[in-house]
Amino acid sequence: MDRIRLALAQINSIVGDLDGNAAKIAGYIERAKSSGADIVVFPELSLTGYPPEDLTFNPDFLDANTAALEGLCGKAIGIVVIIGYLDSPGGDVYNAAAVLSGGKVAGICHKMRLPNYGVFDEFRYFSSASRPALFDLNGTLVAVNICEDIWYPDEPIGSQVAAGASLIVNLSASPYRTGRTRTREEMLETRARDYLTPVALVNLVGGQDELVFDGNSLVYDEHGHLIARGVSFQEDLIVCDIDLVEVHNSRHRDVMGRLEDLSRRHPGPVDIFAVGEAQAASTVRGHLEPHLPEPLSGDAEIYSALVMGVHDYVGKNGFKRVLVGLSGGVDSALVAAVAVDALGKENVVCVSMPSRYTSDGTLSDAERLAQRLGVEFRNIPIEPVFTMFLETLASEFGRSGPDTTEENLQARIRGDLLMALSNKFGWLVLTTGNKSELSVGYATLYGDMAGGFAVIKDVPKTVVYRLCLWRNLQAGGEVIPESIISREPSAELAPDQKDSDSLPPYDLLDRIIEDYVEHDKSLEEMIAAGFDEATVRRITRMIDRNEYKRRQAPPGIKITSRAFGKDRRFPITNRFWPGPRS
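A short tour of the structure in this document, coming up. Note that residues are indexed from 1 along each chain, following the sequence as it is written. Reporting in this predicted model follows two pLDDT cut-offs: at least 70 for local features of residues, and 80 or more for side-chain atom pairs to be given and counted; totals over whole chains, interfaces and linings ignore these cut-offs and use all residues. Side-chain numbers come from the whole structure's heavy atoms, not from hydrogens or water.

**Considerations on helix 15 (residues 506–518)**
Okay, so step 1: Between buried and exposed lies partly exposed: a residue is buried under 20% and exposed over 50% of the maximum accessible area for its type, with that area taken using a 1.4 Å probe on protein chains only. Working definition: helices are DSSP H or I runs of at least four residues, strands are E runs of at least two. Numbering for both runs from the N terminus. For helix 15, every residue scored as buried is listed here: Tyr 506, Leu 509, Asp 510, Ile 512, Ile 513, Asp 515, Tyr 516, Val 517 and Glu 518.
Okay, so step 2: The contact definition used throughout considers only heavy atoms, calling two residues in contact when any of these lie within 4.5 Å. Buried residues along helix 15 sit against helix 12 (435–440), helix 13 (461–475), helix 16 (523–528) and helix 17 (533–545).
Okay, so step 3: Backbone geometry just after helix 15 places Asp 520 at a positive phi near 55°.

In structure tokens:
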């Protein structure tokens, strides 16, 4: 073969929807055939959805997944199809890629490198492959590996190239976080260049609980030049031609001798199996225009991740409409805007719940925002209920003066009202707490934390402001009123209350949180970097002591390198504290 026409099917699977995923895969196989592709590759565990978590322990699920794969074999006529699924021979379970050809399963490749950090827990579920695998397509060897396998510069790709691979295809489910796209690009560019081998990675797209997968599938030629890319946060079929003659010539011309000692350093063994002849051997195909959409970056990327996360969590869990409590503040404004962009204005209901401490400005801003977004808006004052609570508790509280108890009562009344509307009408409540507040416990358990999905749970407050400004810029005007963005933050639960009464400025707070939570920096390191010692000790202590609240928060979208939850697992009962206690 002089070239391989490769198709990458960047699809959005749903965990457990084996029939739906199989039907989508079948449709993309037909599209790949129509493009003249020799090979079409689907993402990691695309048949089951990723991550299947403890469904992996369910024998009925494993059997159904195998049956769904067998049902797709008939589609693999005149094309090689590579699908991520669960292989369970002899009781072991493998994260696997099935290679279909000639109407049957021609071979199976197992994942070798199992990630067990951050949100990944694959040691819990999978066995590791004992050797790499390749398949022979009309005399051309194609290496297949899965996600983490490509992130290591030695095995399995070293043995695969040493065995003669002229192309590496990688099935991935690589979750989104800020900066991940560029890191992935740099890694693949390096692999292709170092091994003088074209590398193709097809990445999952879509939201699954806390995780969002960004797509951005990539193909690099043997020199590390980008030749194809998938779109960001959308399904896509990426088709490109791999010039095998140029791969051979480049290796022949290599003056650095990069491949000469591969056989010595990577002796194998490897598994090689043959597949049926692909359609390209007898099909004349036209020229392909480069598929290189511009990737998203910065605030556009983060905002798109939030939109996709909301869209898929709501839709995949069977909800139609969502409910947002609008305070007139920046956090609820951003959540409402994201919800509208994800679901359409007709599927978003906003409710204002003013108290005796709500200012005229925040109340009018909430209504103006709802009007500009075009959503249904309701106003339910909480003063009568709050007064009743105070009267009911007066004899119990005695002469104790007002404190955070009365503040939290207001938040919990609002939480009850939102959940009552949710129960009555089947709307999903979107909570509006940001990462900065949840980090230090500046949120009320069973109050503003009550709800079904926490949209900005992993978004620092400083980024919330940026995203609001970005959203307005895209609209060409003030969808989110400028007064919401410029007003000094306040929970408005007490007279003249400001967030700054309890917290340092958010730009400082967010830097401390990032250093402590995301980068595991010690108190001494942060103090040495110039942070005030008293502030660092107070904030880090607040972060640790409020783990009990975060454990009871709804799931939310991960966008940073370490989100609370699966990423950071901190004990609630814990007596360790560096330095003197205060």
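**Digging into the sheet that holds strand 17 (residues 348–352)**
Okay, so step 1: Pairing between strands is defined by DSSP: at least two bridges between the two strands are required. Strands sit in the order 18-17-16-19-20 across an open sheet of five strands; the sheet is parallel. One side of each edge strand has no neighbouring strand; the edge strands of this open sheet are strand 18 (376–379) and strand 20 (453–454).
Okay, so step 2: The sheet contact formed by strand 16 (residues 322–325) and strand 17 spans four bridges and is parallel. The residue of strand 17 that forms the bridge with Gly 325 is Val 351.
Okay, so step 3: What counts as an axis is a line fitted to C-alpha atoms, over the stretch in contact for a helix, and the angles between N-to-C directions run from 0 to 180 degrees. Packed onto the sheet, helix 8 (residues 330–343) meets strand 16, strand 17 and strand 19 (428–431) and runs at close to 165° relative to strand 16.

**Concerning empty space enclosed by the protein**
By rolling a water-sized probe across the atoms, one finds the places where empty space is left.
Okay, so step 1: Cavities and pockets were defined on a 1 Å grid built from protein atoms only: a cavity is a group of points that admits a 1.4 Å probe but offers it no way out, a pocket is an open group of points flanked by protein on both sides within 12 Å along at least five of seven lines, and a lining residue is one with an atom within 4 Å of any such point. Grid points are joined across faces, edges and corners, and a volume is the space filled by probe spheres set on the points. One pass over the full model with this rule turns up one cavity of 30 Å³ or more.
Okay, so step 2: Considered as a void within the structure, the largest cavity measures approximately 60 Å³ in volume.
Okay, so step 3: Every residue lining the largest cavity is listed: Thr 431, Thr 432, Gly 433, Leu 438, Ala 443, Asp 448, Met 449, Ala 454, Ala 553 and Pro 554.
Okay, so step 4: Partitioning the lining of the largest cavity into residue classes produces six nonpolar, three polar and one charged. For this classification, Asp, Glu, Lys and Arg are treated as charged, while Ala, Val, Leu, Ile, Met, Phe, Trp, Tyr, Cys and Pro are nonpolar and the rest, including Gly, are polar.

**Quick word on the packing of aromatic side chains**
Okay, so step 1: Any Phe, Tyr or Trp ring, taking Trp's six-membered ring, that has another such ring centre within 6.5 Å forms a pair; planes under 30 degrees apart are called stacked, those over 60 apart edge-to-face, and the others tilted. A complete count under the given rule lists nine aromatic pairs for this structure.
Okay, so step 2: Ring centres 4.0 Å apart and planes at 15° place the aromatic pair Tyr 313 and Phe 453 in the stacked group. One end of the pair, Tyr 313, is in helix 7 (residues 298–316); the other, Phe 453, is in strand 20, with 140 residues separating them in the sequence.
Okay, so step 3: With centroids separated by 4.7 Å and ring planes inclined at 25°, the aromatic side chains of Phe 425 and Trp 427 adopt a geometry described as stacked.
Okay, so step 4: Residue classification places Phe 425 among the partly exposed residues on the basis of a relative accessible area of 43%.
Okay, so step 5: One aromatic cluster is present, built from ring pairs that chain together Phe 57, Tyr 125 and Phe 126.
Okay, so step 6: A cation sits over an aromatic face here: Arg 113 above Tyr 152, 3.9 Å from the ring centre.
Okay, so step 7: Here, a charge over a ring is recorded when the distance from Lys NZ or Arg CZ to the ring centre is within 6 Å and its angle to the ring normal is within 35 degrees. Stacked on the ring of Trp 151, the Lys or Arg Arg 180 has its end atom at 4.2 Å from the ring centre.

**Observations regarding the pairing of strand 1 (residues 3–10)**
Okay, so step 1: Most of strand 1 sits inside the fold, with seven of its eight residues counted as buried.
Okay, so step 2: In this sheet, strand 14 (residues 236–243) lies alongside strand 1 in antiparallel orientation, the contact comprising eight bridges. The partner of Leu 6 across the bridge, within strand 14, is Cys 240.
Okay, so step 3: Here three bridges tie strand 1 to strand 2 (residues 39–41), and the two strands are oriented parallel to one another. Across the sheet, Leu 6 pairs through a bridge with Ile 39, a residue of strand 2.
Okay, so step 4: Convention used here: a crossover is right-handed provided that the path from the first strand, over the helix, to the second strand proceeds clockwise when the strands point away from the viewer. Remark: the strand 1/helix 1 (residues 18–34)/strand 2 crossover connection has right-handed handedness.

**Comments concerning the nonpolar core**
Okay, so step 1: As used here, the term nonpolar core means buried Ala, Val, Leu, Ile, Met, Phe, Trp, Tyr and Cys residues forming a set that is joined through side-chain atoms within 4.5 Å. If you look at the biggest cluster of nonpolar residues, it comprises 53 residues, and the most contacted ones within it are Leu 306, Val 310, Leu 430 and Val 455.
Okay, so step 2: Counting residues per element, this core draws most heavily on helix 8, which supplies 11 residues.
Okay, so step 3: Sequence-distant contacts of Leu 430, that is, excluding residues within four places in its chain, are made with Val 322, Leu 323, Val 324, Val 335, Ala 339, Phe 453 and Val 455.
Okay, so step 4: Ala 32, Leu 72, Ile 83 and Leu 237 belong to the second-largest nonpolar core, a separate cluster that totals 43 residues.

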